[in-house]
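For reference, the chains in residue letters:
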Amino acid sequence: MKNLKKITFLSILTAVAIVLSYVEMLIPPIMPSIPGIKLGLSNIIAILLLYKFSYKDAIIVSVLRVCSVALLFGSVLTFAYSLTGALLSLTVMFMLRKTNLFSSLGVSIAGGVTHNLGQIMVAILITNTLQIGYYAIVLIITGTLSGAFIGILGSLLIKYSAKFKI
Amino acid sequence: MKKSKNDFLLALSFIILGVLLLVIFNVTKQKGKFVEVSIDGKVKDTYNISEYLTKEIINGEFSNTLIIKNGKVDISTANCRDKICVNHRKIENVGETIVCLPHKLVITVTDGDNANEKP
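Residues numbered from 1 in each chain as written. Chains lettered and ligands numbered in written order. Predicted model: local features only at pLDDT ≥ 70, side-chain atom pairs only at ≥ 80, totals over all residues. Heavy atoms only, no water.

(A) Expanded view of the nonpolar core. Core analysis: the biggest nonpolar cluster contains 29 residues, and I45, L49 and M93 of chain A together with F14 of chain B have the highest contact counts within it. Mapped by element, the contributors of at least two residues to this core are α1 (3-26), α2 (43-52), α3 (55-73), α4 (76-99), α5 (104-127) and α6 (136-161) of chain A together with α1 (2-27) of chain B. Ranked by the residues each element gives to this core, the list is headed by α2 of chain A, at seven residues. Dropping the residues within four chain positions of it, L49 of chain A is found in contact with L10, L13, S54, D57, A58 and V61 of chain A. (Core = buried A, V, L, I, M, F, W, Y, C linked by side-chain atoms within 4.5 Å. Buried < 20%, exposed > 50% of the residue type's maximum accessible area, 1.4 Å probe, protein only. Helix = DSSP H or I, 4+ residues; strand = E, 2+ residues; numbered from the N terminus. Contact = heavy atoms within 4.5 Å.)

(B) Structural view of the pattern of salt bridges. Across all of its chains, the model carries five salt bridges over all chains by this definition. For K6 of chain A, the salt bridge goes to D57 of chain A, with nearest N and O atoms at 3.2 Å. Of this pair, K6 of chain A sits in helix α1 while D57 of chain A sits in helix α3, and the two are 51 residues apart along the sequence. For K31 of chain B, the salt bridge goes to E92 of chain B, with nearest N and O atoms at 3.7 Å. Highlighted residues: K31 of chain B in the loop between α1 and β1 (34-39) and E92 of chain B in the loop between α2 (84-87) and β6 (97-100), separated in sequence by 61 residues. (Salt bridge = Lys/Arg side-chain N within 4 Å of Asp/Glu carboxyl O.)

(C) Representation of the packing of aromatic side chains in the model. All names here are of chain A. Under the definition given, this model contains three aromatic pairs over all chains. For the ring pair F9 and F53, a centre distance of 5.9 Å and an interplane angle of 25 degrees mean the geometry is stacked. Note that F9 is positioned in helix α1 and F53 in the loop between α2 and α3, a separation of 44 residues in sequence. Residue F53 is classed as buried on the basis of its relative accessible area, which comes to 17%. (Phe/Tyr/Trp six-rings, centres within 6.5 Å; stacked < 30°, edge-to-face > 60°.)

(D) Local environment of the packing of α2 of chain A against α4 of chain A. Residues and elements named next belong to chain A. Where α2 meets α4, the axes come as close as 11 Å, and the angle between the chain directions of the two elements is 40 degrees. The angle between α2 and α4 falls in the class oblique. As α2 packs across α4, the resulting crossing turns out to be right-handed. Of α4, the residues touching α2 (which contributes A46, I47, L50 and Y51) are L90, M93, F94 and R97. Grouping the constituent residues of the contact of α2 with α4 by class yields seven nonpolar, no polar and one charged. (Axes fitted to C-alpha atoms, helices over the stretch in contact; angles between N-to-C directions. Parallel < 35°, antiparallel > 145°, perpendicular 65-115°, else oblique. Left-handed = near helix turned anticlockwise from the far one by under 90°. Nonpolar A, V, L, I, M, F, W, Y, C, P; charged D, E, K, R; others polar.)

(E) Region of interest: the environment of S104 of chain A. When you line up the elements, S104 of chain A lands in helix α5. Once residues within four sequence positions are removed from consideration, S104 of chain A is found in contact with I47, Y51, G151, S155 and I158 of chain A.

(F) Focus on the sheet that holds strand β5 (residues 72-78) of chain B. All names here are of chain B. A sheet is described by the order of its strands in space; here three strands give the open sequence β3-β4-β5, paired in antiparallel fashion. Looking at which strands have only one partner, the edges of the open sheet turn out to be β3 (53-59) and β5. Each strand axis lies, on average, 25 degrees off the axis of its neighbour in the sheet, ignoring direction. Where strand β4 (residues 62-69) lies against β5, six bridges are found, and the strand directions are antiparallel. Along β5, the bridge assignment pairs I68 with V73. (Pairing = 2+ DSSP bridges.)

Below, the structure is given as structure tokens:
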């Protein structure tokens, strides 16, 4: 794919990821007692990138997305959480994908869980306590569920994107 | 297909991990003795959980109202935006916490023995 075409396409995907993050914020919180429960809709883009492009491209788009969202809608805190979650989950997803043992659904589930665990780790560092780790239990379960949901959407996207000449 | 089965096993193992952690946390819980109030990671105050008190914790513009009653700890009001700390149920076991992330406030129930604090 020509370089210009690729840059343009990646930029569009970055914009879509930013919008997905914003849309996510509009959804009323399902469980107010636990902060950070997010669907992780932008992970659809991450999965698409991992399967259709490269790990490096996925990282670039995700970092751009995290920076933009934090600047536009969030705070330094948002930035720290999102970045850790995104980088951690991308790396784990990339490694799992390389083993070729799982489909995009499994990879996405792992991505969802590690994304949440990454955020909990940041929360532990920021609040300087270990006790907040108790939330990890619920976050593992919701990470699995949201990862599955994102995975199904993502795999559909991957399947149909084959029709486009990227 | 093999990959689908692996996906399922992966999801299952995460769920099992979650359930395992849940069981471990519930089986090892103990009633607390002290209540620690930390702001920005530093312990500011420690109270006995058998006390009866209502105290407004003020940290600059941040305000949270702590209530210790009947051996349980609660936050009744706060001026943070999400009020997660206010909606939290009362805590009483060692290791349980009420956190107000925007205010960097952590209320912890401990047994007074720092080395044994439950993760």
